[in-house]
Structure formats: C-alpha cells, structure tokens
Amino acid sequence: MKKAYDIFIWCVTGLFIGAIFLLPESVPVHWNGNWEIDRYGSRYTLIILAIIPILLYYGMLLAKKVDPKRHNFQSREKTYDLFRYGLSFFFILLCCFFYYMTFFPKANGEKIMLLLLGILIIGMGNYMPRLPQNYFLGIKTPWTLSNEYVWQKTHKIGGYSFVIVGIIIAVYGLLELPYSFIVVIVGLLIDAVFSFIYSYIHINVECVYFIYSSIFHICSKWNVISLNDYISGEYG
C-alpha cells in the first residue's frame, strides 16, 4: 500500500500543478463566516495548496524518524501511517474543493467543507487511542509527554470527544444548520481545553497515587502497617 500511495500522491500533485494553468486568472481563496466568497486571488496561489499533501506526507515521515520517542512507533507504526495517509488525503480533497469552487462558485461550499472536516475529525478520534506517545502528533501537553499512562488515558477520552465533535460538525453540514462556522470553532476549542484540563487532572491523580503507594510500601516494609490490616480496614 505504501508504494502505491507514494505513486498516487506524486501523480495527484503533478495533476494539481498542471491543472492550475487551466484555471481562470482569478480564483476564490477565502470565505467569510457565512461561507460566502469574499476574496479572490491569483490562480498561482493554489500552487501552495497543491503541494501541501505531499509535503505533509513526507514531512510526517521525517518527523517519525527524528522524534526523540521514535522507538514507540515500532509497535504502532501502522497507526501513525494511517494518520499520514488520512491527513494527506484530506488536503488532496481540500485542494479538489478549491478547484471545484473555482468552476462552480455558487455551489454549497459550506456543506462540502463541513462534511469533509467532520469525517476527518471522526476518523482521527477513532484511531487516536492507538497513537503512540510522540512529540509531533496527538494531544501534546506537558503532562501527556512526561507520562505515558497519562498520554494513553488522555488520548482515549480525547478520541471519544473528537468523534462527538466530528459528528456534530458533519450533522451541521448535512442539515445545513445556521452558525456552523461558530460551532466548528467553539467545538474544537472546547475539545482542546477539555483535553488539556483532563491531562492536568490525571497527572495530579497519578502523583497522589504514587505518594500514597510509596508511603504504604515503606510502612509495610518496616511493619508499621500490615497488608491484611490495610485491606480489612482495621488500620486507623
């Protein structure tokens, strides 16, 4: 699959760059909060968008090789590669979206964009719990990077929250509900803040557990408290 996708992404990149010369001189490059085109630019600005998928694809490969925690990828390499394929393919679809809107500026860009984004977030959330601890991809807080157990717990609950946010965004796209732009921003922001707070709380729980376990271990070693007394609740 890897070689096939390598060939595919090179061919697609070549097609995108070649197609730029077939586009009008001015193309839509920005949409406002109501998903209306509010700015046009030179067709050559799409060159940047056309090369993003291949830059992302090989950039993530380089990141995996230089990551200080690259040894973690040995058992979860397929999961990381799925993120490489998925993210790069999303930007391929995003590039197709810009090309499509160039020829059909009256099309419902909001519905298309929300569906693409919702599916991407759902897919990321589904595989996020399997993501190994690393410095380049995932929920990176001081506490998830310093403690692998906190990384796993945060990405497990973060995966669920990603899926929920993704479903909400996709539903907004399908039903064409109002204030979708605000919903996307607020939903992603809440998800980020929630993951940050959750990892902070969990690392403190781990610290408290470690302290109590250490005290109990020392007390048991010096016969201050026996294990049977501790279990039966007779101590104290």
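Everything numeric in this text was worked out from a predicted model, so none of it was measured. (Residues numbered from 1 in each chain as written. Predicted model: local features only at pLDDT ≥ 70, side-chain atom pairs only at ≥ 80, totals over all residues. Heavy atoms only, no water.)

Describing the confidence of the model for the chain
Per-residue confidence for the chain gives a mean pLDDT of 84, with 85% of residues at or over 70. The secondary-structure element of the chain with the lowest mean pLDDT is helix α8 (residues 227-232), recorded at 46, while helix α2 (residues 46-66) shows the highest, at 93. Counting interchain partners and residues more than four positions distant, the pLDDT-below-50 stretch residues 208-212 has 0 contacts. Ignoring residues within four places in sequence, the model shows residues 224-232, a span with pLDDT below 50, making 11 contacts including any to other chains. (pLDDT = per-residue confidence, 0-100. Helix = DSSP H or I, 4+ residues; strand = E, 2+ residues; numbered from the N terminus. Contact = heavy atoms within 4.5 Å.)

What to know about the environment of Leu 115
Tracing the chain through its elements places Leu 115 in helix α4 (residues 109-127). Its relative accessible area of 23% is what places Leu 115 among the partly exposed residues. Here the alpha-carbon distance between Leu 115 and Ile 169, two residues 54 residues apart in the chain, equals 7.2 Å. Not counting the four nearest positions on each side in its chain, Leu 115 is found in contact with Ala 170 and Leu 174. (Buried < 20%, exposed > 50% of the residue type's maximum accessible area, 1.4 Å probe, protein only.)

Examining the nonpolar core
With 45 residues, the main nonpolar core has Phe 16, Leu 46, Phe 97, Phe 98, Tyr 99, Leu 137 and Ile 169 as its most contacted residues. At 13 residues, helix α3 (residues 73-103) tops the list of elements feeding residues into this core. Apart from residues lying up to four places away in sequence, Ile 169 is in contact with Leu 114, Leu 117, Gly 118, Ile 121 and Val 184. (Core = buried A, V, L, I, M, F, W, Y, C linked by side-chain atoms within 4.5 Å.)

Looking at the pattern of salt bridges
Opposite charge on two side chains permits pairing when their charged atoms draw close. Under the defined criterion, the tally for this structure stands at 5 salt bridges. A salt bridge links Glu 25 to Arg 43; its shortest N-O distance comes to 3.3 Å. Of the two residues, Glu 25 is situated in the loop between α1 (2-20) and β1 (26-31) and Arg 43 in the loop between β2 (37-42) and α2; the sequence distance between them amounts to 18 residues. Relative accessible area serves as the criterion here: at 52%, Glu 25 is assigned to the exposed category. Relative accessible area serves as the criterion here: at 10%, Arg 43 is assigned to the buried category. (Salt bridge = Lys/Arg side-chain N within 4 Å of Asp/Glu carboxyl O.)

Here we look at the side chain of Lys 69
Considering the arrangement of structural elements, one finds Lys 69 in the loop between α2 and α3. One buried charged residue, Lys 69, forms no salt bridge at all, with the nearest opposite charge on Glu 148 at 7.0 Å. Beyond its immediate chain neighbours, meaning those up to four positions away, Lys 69 contacts Gln 133, Asn 134, Tyr 135 and Leu 145. (Lys, Arg positive; Asp, Glu negative; His and termini not counted.)

Regarding a nonpolar patch on the surface
Residues Tyr 179, Phe 181, Ile 182, Ile 185, Val 186 and Ile 190 make up a contiguous nonpolar surface patch of about 630 Å² in total accessible area. Among the secondary structure elements, Tyr 179 is positioned in the loop between α6 (148-175) and α7 (180-221). (Patch = residues over 30% accessible without salt bridge, like charges linked within 9 Å, V, L, I, M, F, W, Y side chains within 5 Å. Areas by Shrake-Rupley, 256 points an atom, 1.4 Å probe, with all protein chains shown as cover.)

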